[in-house]
Amino acid sequence: MTVADKQQRYDVIVIGSGIGGLTTAAILAKFCRKKVLVLEQHFTAGGFTHSFGRKGKFHWDVGLHYVGEMGKGQMGRAIFDYLSNGKLQWQKMPDLMEKFVYPDFTFDVYSDPKQYQADLTAKFPHEQKAIQRYFKDVQSAATWFIIHSFIELFPIWLQSIVKAGVQKFGEIARQTTQQYLDQHFQDPQLKAVLASQWGDYGLPPSQSSFGVHSNIVTHFFEGGWHPVGGGQAIAQTIIPTIESMGGQVITQRRVTEIIIENDIAVGVTVQHTAHLATDLEIYYAPVIISDAGAFNTYLKLIPPSYPLPHRESIQQFPKGSGVVTVYLGLKEDPQQLSFQGENHWIYTTYNHEEIDQPDAIASVQSPKFAYLSFPSLKNPSAKGHTAEIIGSIDYSLFSQWQMQRWRKRDADYGTLKSGVAESLINLVERYYPGFQDLIEYVELSTPLTVEHFDGSDRGTIYGIPCTPARLDLPWIASKTPIKNLYLTGTDAFSPGIMGAMMGGVKTAGIVDGAFGFLKIMTTVMMR
Ligand SMILES: Cc1cc2nc3c(=O)[nH]c(=O)nc-3n(C[C@H](O)[C@H](O)[C@H](O)COP(=O)(O)OP(=O)(O)OC[C@H]3O[C@@H](n4cnc5c(N)ncnc54)[C@H](O)[C@@H]3O)c2cc1C
């Protein structure tokens, strides 16, 4: 195979078109007037925000069920308005946004932190004081988490002063969620309820940092929103901003290597994913930004011969967990079973640590958790009714088929998938009788599907897992040890659409130079 030189002049190359990559690319185009090339390995842009359809009427979002802070005037909304030139519209979810479904009761969460606190107090009056304190602590820990994650924006001399100033809140945020809950609460059911959203950051309470837990919990305090037109509307409305400065988003292009010369990133080698036998392409630019995640960027895209600091730490850091998703096309409106578009977190146990069952057979036959949502009820332009059920599952269950191609895997893989889908549907049916009768179409994605389409290591969905140890990793940052190479997205900040987008803003700010982030945010918020 030969190498074809693509000497087109770009100011910036972005690897991957997830929300982190698109955010950085669009800000560098619009605010810094840069010509940006985004290279995406999938045949569609958007990363986890992309949608797909079947039968012409069923459409699902892959990695977007709800996003917080999208009300008029809120920061998330202001950034999306800036990126999309006001083209991206948001639909608010019902006021009753989440249902935490447990064996003995269902706890409803409304889009108002005061009501959330009052409802918790009404259900668990004996824990009133601890609940009151919890609502203060999540605010403090979330604020600390955000300041800590932005620390690299400050000049070095200021960093230690800022760190010392917020140290007190850091002590809470650096605990595991379980440590915090055990320290302040007695009631095991209440502890379970408070940890119910751990699927939003992918780690059960014993492993997650209370900082990331707090960041996500407070993110959804005012409710959840969904893009009108589904997740795909995000890429569709942001790409024109990149193109307006002569930039491009090219799909079916997998970056195979970041070219480093004299310790400076200067370009990328690229493979056409639909024509594997064709020449590799090379693109050059003075700035290279990766949205492919820290693990992929450092261990797969930087040549192994490069003397990378922290290589061993990255190799040895624990891996994130995977999920299965059952995509359902419905023949009838789920509103007839009283679903209104809220999320349902269904737990058969109060012990969240039991969810990831080491016994592979048990995890397939009797799942202890299912997350249920209805994309079509959240999207006013949906053609057909749809539902999604997400289950937690270990990658190892599917790893034997990893080397086989998508849609060409053994029959055993298909049989296992059918079993997993059936068990998750049965679990939902147990809590919502009649659900099964709504179903017209079933399809299941596994961690292998995620690995294939998103390129994430072992199909993990939230990047480097948000344990307390992650908070101090020098390689979880926008800046890298290599000149002119930057990270964006989840691993530059935190998981979730908002987390990856803020990672994107931070990276654009750093590339812009001193006070870049401040200038960008002032422009965005003053619009
Ligand atoms: C099932 C599921 C449900 C979720 N639900 C929600 C939710 O309700 N709300 C929420 O806020 N968040 C949710 N998330 C998380 C959220 O989608 C992600 O945190 C966020 O979208 C990540 O954005 P990113 O830009 O960091 O990375 P990604 O979206 O992963 O984008 C990375 C991109 O890089 C591309 N890429 C990788 N390697 C290469 C390469 N070598 N060359 C070229 N391209 C490459 C990938 O194909 C991909 O497009 C969910 C995720 C999943 C999977």
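Parameters at a glance
- Residues numbered from 1 in each chain as written.
- Predicted model: local features only at pLDDT ≥ 70, side-chain atom pairs only at ≥ 80, totals over all residues.
- Heavy atoms only, no water.
- Helix = DSSP H or I, 4+ residues; strand = E, 2+ residues; numbered from the N terminus.
- Buried < 20%, exposed > 50% of the residue type's maximum accessible area, 1.4 Å probe, protein only.
- Polar contact = N/O pair within 3.5 Å; in protein donor to acceptor, adjacent residues only side chain to side chain.
- Contact = heavy atoms within 4.5 Å.
- 1 Å grid on protein atoms, 1.4 Å probe; cavity = no way out; pocket = protein on both sides within 12 Å on 5 of 7 lines; lining within 4 Å.
- Points joined across faces, edges and corners; volume = space filled by probe spheres on them.
- Domains from an automatic or database assignment.
- Phe/Tyr/Trp six-rings, centres within 6.5 Å; stacked < 30°, edge-to-face > 60°.
- Salt bridge = Lys/Arg side-chain N within 4 Å of Asp/Glu carboxyl O.
- Buried area = accessible area lost by both parts, 1.4 Å probe.

(A) Structural view of the side chain of H226. Note on placement: H226 falls in strand β9 (residues 225-227). Among the residues examined, H226 registers a relative accessible area of 0% and is labelled buried. There is a polar contact of 2.7 Å between the side chain of H226 and the side chain of D61. Ignoring any residue separated from it by four or fewer positions in sequence, one finds H226 in contact with D61, L64, H65, Q89, W90, Q91, P375, K378 and N379.

(B) Fine view of the layout of surface pockets. Space inside the second largest pocket adds up to approximately 1,100 Å³. Every residue lining the second largest pocket is counted, 42 residues in all, and those nearest its centre are F150, I151, E152, L153 and Q159. Taken together, the elements giving at least two residues each to the lining of the second largest pocket come down to α4 (128-149), α5 (156-165), α6 (167-173), α17 (497-512) and α18 (516-526). Among the elements that take part in the lining of the second largest pocket, α4 stands out by supplying 4 residues, more than any other. When residues are assigned to domains, the lining of the second largest pocket turns out to be shared by domain 1 (3-52 + 61-90 + 228-317 + 462-526) and domain 2 (113-222), each giving three or more.

(C) Just the environment of P309, in detail. Position of P309 among the secondary structure elements: in the loop between α11 (294-301) and α12 (311-316). The class of P309 is partly exposed, set by a relative accessible area of 37%.

(D) Looking closely at the packing of aromatic side chains. Evaluated as defined, the whole model comprises 37 aromatic pairs. Seen in terms of ring centroids, Y102 and Y347 are 5.2 Å apart; in terms of plane orientation they differ by 15 degrees. Their pairing is stacked. Here Y102 is found in the loop between β7 (96-101) and β8 (106-110), whereas its partner Y347 is found in strand β16 (residues 343-347), with 245 residues between them in sequence. A relative accessible area of 0% means that Y347 is categorised as buried. Summarising the aromatic geometry, the rings of Y116 and F135 are spaced 5.4 Å apart at their centres and angled 85 degrees between planes, so their arrangement reads as edge-to-face.

(E) Structural view of unusual backbone geometry. Even without being glycine, N85 reaches a positive phi, approximately 55 degrees. Mapping N85 onto the fold places it in the loop between α2 (75-84) and β6 (90-92). We note that R458 has phi near 55 degrees; this positive angle belongs to a residue other than glycine. With respect to the helices, strands and loops of the structure, R458 is situated in the loop between α16 (447-454) and β20 (485-487). Here R458 falls in the partly exposed class, since its relative accessible area comes to 31%.

(F) Region of the structure containing the pattern of salt bridges. A full pass over the atoms with the stated rule returns 14 salt bridges. Residue E440 is joined to K57 by a salt bridge in which the shortest nitrogen-to-oxygen separation is 3.1 Å. Of this pair, E440 sits in strand β19 (residues 439-445) while K57 sits in the loop between β4 (51-54) and β5 (58-61), and the two are 383 residues apart along the sequence. Relative accessible area serves as the criterion here: at 34%, E440 is assigned to the partly exposed category. Assessed through its relative accessible area of 32%, K57 is described here as partly exposed. Ionic contacts of the salt-bridge type, sharing partners, join the residues K55, K57 and E440 into one network.

(G) Spatial organisation of the domain arrangement of the protein. Here the protein is partitioned into domain 1 (3-52 + 61-90 + 228-317 + 462-526), domain 2 (113-222) and domain 3 (321-457). Taking the mean C-alpha position of each, domain 1 and domain 2 sit 28 Å from one another. The interface of domain 1 with domain 2 comprises 23 residues on the first partner and 27 residues on the second. At the boundary of domain 1 with domain 2, total buried surface from both sides reaches about 2,100 Å², with 63% on carbon and sulfur atoms. Applying the counting criterion to the domain 1 and domain 2 interface returns 2 salt bridges. For K506, the salt bridge goes to E152, with nearest N and O atoms at 2.6 Å. One can count 11 residue pairs in polar contact (both at pLDDT 80 or more) joining domain 1 with domain 2. Examining the composition of the side of domain 1 that touches domain 2, we find that 4 residues originate from one element, α17, more than from any other.

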